[in-house]
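A structural walkthrough
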Amino acid sequence: MAQEKKKSSIKVGIQKFGTFLSGMIMPNIGAIIAWGLTAAIFMTPNGWFPNAQINNLIKPMLNYLLPLLIGYTGGKMVDDDRGAVIGAVATLGVIVGTDAPMFLGAMIMGPFSAWLLKKLDNAFQDKIKSGFEMIYNNFSLGILGMILAIFAYFIVNPIMVTGSRWASIGVDAIIRVHLLPLANIIIEPAKVLFLNNAIGNGILVPLGIQQAAKVGKSVLFLMESNPGPGLGILLAFMLFGKGSSKSSAPGAAIIEFFGGVHEIYFPYVLMKPSLILAAMAGGVTGTFLFSVLGGGLKAAASPGSILAILLVAAKGSYFGNLVGVLGAAIVSFVVAAIILKRDKGTGDELAEKQKQMKSMKSESKGQEMPSAQNAQSSVKSYADIKKVIFACDAGMGSSAMGASLLRDKFKKAGIKLPVTNTAVRNLKDEDGLLVITQEELTDRARQKAPNAMQVSVGNFLSSPKYDQIVANFKALTQVEDKPEKAAKPAEKPGLIIGIDFSKVKEVNFIRHDEHLGSATMATSLFSDAMKKAGKKTPVKAVKINELDDDPSHLVIVTPAAKKNLKLRYADIQIITVDDLLQDKKLKQIVDKLN
Amino acid sequence: MKLEKSMIKLNQDVPTRDQAIRMAGQLLVDGGCVEPEYIDSMIARNNDVSTYMGNFIAIPHGTDDGKKYIKKTGISVVQIPMGVDFSNPDDDTEQLVTVVFGIAGLNNEHLNILSQIAIFCSDVSNVAKLADAQSPQEVIDLLKKVGK
């Protein structure tokens, strides 16, 4: 059992890291497409309608815009707007001084600098005199940003360049020993880490040009640009994926195959790193088929779309090229499908059964039970819920649909709760939150928002859970209209133990330094409830040193105040509640008093 | 419009609701939002129709006649941790108030912040947070969260 837990937490960890990486890319896919289309259409001389002026856009977009956006987004994920700004500033340091697009560098510098800034802020924030916040905010970011950009320029940039050079050397070596297909084992992972352009344009294209000059065509042009492996993975997601990755895959597949924008499928692999095996298998197959069937291109196919490939295919090599691309797609599809399907079944019968039992149990209660480790917090009720958030992997599609569905249901039922959607990684832990996720994201959502109430659904669009949720909230509003009838004495009698209610002659709330107002309000609400229930025990707010140490006092406090109370008194009776005003226990206390 | 720190008075202890209203009104006067006459109009309005909103808050403001005393839109906050009863003297129900919002509104400029206050205070535990707030900034920060 313990091992089981560990295993799943490692899995969650890897998945989380993958989501983090893809989270930096996802919001920027639009920009990547803008660049991809510009390149596909207008690139000189290989575009469909070459245009030398528009061509000027392509390189800065790829080398500056995209890494800066990624650094910005990466920073934002760590520390909101300030993180975003410093992430972009620091990323520039990695970009300047190389010709390769520094996606990987941006993915490191963005979050890293935001994290540093956060640490710095934490250390200094409370030392800033009021009125100086603005100066501090701007200058701390400015100074740290400058330092990090310089650091990135002199330290990180060379490391990145060295890294991609090693990848080049590896590929180069494999090509020299004529084991061409094996080169894809290095190329595919490097591609996913956004080294695709470094490898494609940096190594393969120059070598390919030499070869093409001699024999009229080269397979090397195809090794990185082959859209087959990416296509296969995306098709597998279309059929066997889950949630947003499934629903966004068809569009991505079209962009990959016809647009040749490989960047589009990298996030999918980052989300589930084992899929790199599918990409490798596809790549190896493709290159093998190209070599055997006499495929090859006259020039570089950039971007790597099927159209570009056919456009620059050497005479007589159309068949080899097509079969190579399709073969790569089929193999990577099969491998990816196996990985995705195996993952879906979790492969572990025990875990599967446990899951089944748990969901059966929770269904009989009409409410999803959080897992055992969070059992204490599961007593939260619908009464505390202030908003509903649908969370999905990227916050792109499925959660928005689910949210609008529930919003609609709420509207019809007259429930006025905000329903929004977001990506799991953007969840903020707060009280009064109901988070709705797909089953497989529940773990991650719980890590992000341990205090929120959780409901998991199998399907965002047609889940019976929605109607249960609506019913629960509806019941609640009806109850609130008539608070007298709300008391349900039968409800969980075990919550209050060890209290001798017969001895209680006075109920007290404690007024202490930071809780004057809330104690006043709690006293008023409680005595109101007592009056309505026809109970006569007096209710008073007192200072902590005003009590007699005697069991005739029943003191209702928050957990924080209980400690201090215990230091002073031995015999008074104490009940702790999380919320002095609205805790469920309060009603039960009223019921038990005289 | 925004809440100003100088318009927030914490930890006040007042014996009557009129005094609580006067205190909220005086903050509006000191903040340059209204003429002193506006305060009387606030008292009049509350005698007319109570500005007790439930959930331990009250939002005293002037009558229609009192509008001519408004110089600019403003909102003041008075925190009364020990509470003050806003019910009519001859009424035996208790209308305890711990947070008083004094309102002077011109051209609906205050509606935005008022709706924030309304949404925020519709949850009594949020009111408790306001009633326990230790600094004007905390009050501002609490209310600011509503918009998000």
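Residues numbered from 1 in each chain as written. Chains lettered and ligands numbered in written order. Predicted model: local features only at pLDDT ≥ 70, side-chain atom pairs only at ≥ 80, totals over all residues. Heavy atoms only, no water.

As recorded by an unreviewed UniProt entry, chain B carries the name Mannitol-specific phosphotransferase enzyme IIA component and is attributed to Lactobacillus acetotolerans. Looking at chain B in UniProt, the text filed under Function (unreviewed entry) is "The phosphoenolpyruvate-dependent sugar phosphotransferase system (sugar PTS), a major carbohydrate active transport system, catalyzes the phosphorylation of incoming sugar substrates concomitantly with their translocation across the cell membrane. The enzyme II CmtAB PTS system is involved in D-mannitol transport." (UniProt positions renumbered as here; feature names shortened; annotations may be inferred.)

As recorded in an unreviewed UniProt entry, chain A goes by the name PTS system mannitol-specific EIICB component, listed as coming from Lactobacillus acetotolerans. Here is the UniProt Function (unreviewed entry) comment for chain A, exactly as written: "The phosphoenolpyruvate-dependent sugar phosphotransferase system (sugar PTS), a major carbohydrate active transport system, catalyzes the phosphorylation of incoming sugar substrates concomitantly with their translocation across the cell membrane. The enzyme II CmtAB PTS system is involved in D-mannitol transport." Checking UniProt for chain A, the heading Catalytic activity (unreviewed entry) contains the comment "D-mannitol(out) + N(pros)-phospho-L-histidyl-[protein] = D-mannitol 1-phosphate(in) + L-histidyl-[protein]".

Right, let's get into the sheet that holds strand S6 (residues 539-543) of chain A. Residue and element names in this part refer to chain A. The strand order across the open sheet built from four strands is S6-S5-S7-S8, with neighbouring strands paired in parallel fashion. Lying at the two open borders of the sheet, with one neighbouring strand each, are S6 and strand S8 (573-576). Recorded for the sheet is a direction-independent mean angle of 35° between the axes of neighbouring strands. Here four bridges tie strand S5 (residues 506-511) to strand S7 (residues 553-557), and the two strands are oriented parallel to one another. (Pairing = 2+ DSSP bridges. Helix = DSSP H or I, 4+ residues; strand = E, 2+ residues; numbered from the N terminus. Axes fitted to C-alpha atoms, helices over the stretch in contact; angles between N-to-C directions.)

A few words now on unusual backbone geometry. Phi at Asp 80 of chain A takes a positive value of approximately 50°, unusual for a residue other than glycine. Relative to the elements of secondary structure, Asp 80 of chain A occurs in helix H3 (residues 52-95). In this structure, Asn 11 of chain B takes a positive phi of about 55° despite not being glycine. Mapped onto the elements, Asn 11 of chain B comes out in the loop between strand S1 (8-9) and helix H1 (17-30).

With that settled, the discussion passes to the packing of helix H18 (residues 516-532) of chain A against helix H4 (residues 124-132) of chain B. Taken N-terminus to C-terminus, the directions of H18 of chain A and H4 of chain B make an angle of 140°; their axes are 6 Å apart at the nearest point. On the basis of the axis angle, H18 of chain A is oblique to H4 of chain B. In contact with Leu 516, Gly 517, Ser 518, Met 521 and Leu 525 of chain A of H18 of chain A, H4 of chain B contributes Val 124, Val 127, Ala 128, Ala 131 and Asp 132 of chain B. Of the residues in the contact of H18 of chain A with H4 of chain B, the class split is seven nonpolar, two polar and one charged. (Parallel < 35°, antiparallel > 145°, perpendicular 65-115°, else oblique. Contact = heavy atoms within 4.5 Å. Nonpolar A, V, L, I, M, F, W, Y, C, P; charged D, E, K, R; others polar.)

Turning our attention to the sheet that holds strand S3 (residues 57-58) of chain B. Residue and element names in this part refer to chain B. In spatial order, the strands read S1-S4-S5-S3-S2; together these five strands make up an open sheet with mixed pairing. Each edge of the open sheet is held by one strand with a lone partner, namely S1 and strand S2 (52-54). Along the sheet face, H1 touches S1, strand S4 (74-85) and strand S5 (96-104) and points at about 155° away from the line of S4.

Before going further, it helps to spend a moment on the interface of chain A and chain B. At the junction of the two partners, chain A supplies 15 residues and chain B supplies 17 residues. Taken over both partners, the interface formed by chain A and chain B buries close to 1300 Å², and the fraction arising from carbon and sulfur atoms is 62%. Across the chain A-chain B interface, the total number found is zero salt bridges. Summed over the shared surface of chain A and chain B, the result is three residue pairs in polar contact (both at pLDDT 80 or more). Ranked by residues supplied to the side of chain A that touches chain B, first place goes to H18 of chain A with seven residues. Its residues assigned to classes, the side of chain A that touches chain B shows four nonpolar, six polar and five charged. (Buried area = accessible area lost by both parts, 1.4 Å probe. Salt bridge = Lys/Arg side-chain N within 4 Å of Asp/Glu carboxyl O. Polar contact = N/O pair within 3.5 Å; in protein donor to acceptor, adjacent residues only side chain to side chain.)

Turning to the pattern of salt bridges, a few remarks are in order. All names here are of chain B. Applying the stated criterion to the full structure yields nine salt bridges over all chains. Across the pair Arg 17 and Asp 18 runs a salt bridge, and its minimum N-O distance is 3.7 Å. Note on Arg 17: relative accessible area 9%, which makes it buried. Assessed through its relative accessible area of 27%, Asp 18 is described here as partly exposed. The residue Asp 40 makes a salt bridge to Arg 22 at a minimum N-O spacing of 3.7 Å. Taken together, the positions of Asp 40 in helix H2 (residues 37-48) and Arg 22 in helix H1 put the pair 18 residues apart, joining distant regions of the chain. By relative accessible area, which is 41% here, Arg 22 ends up partly exposed. (Buried < 20%, exposed > 50% of the residue type's maximum accessible area, 1.4 Å probe, protein only.)

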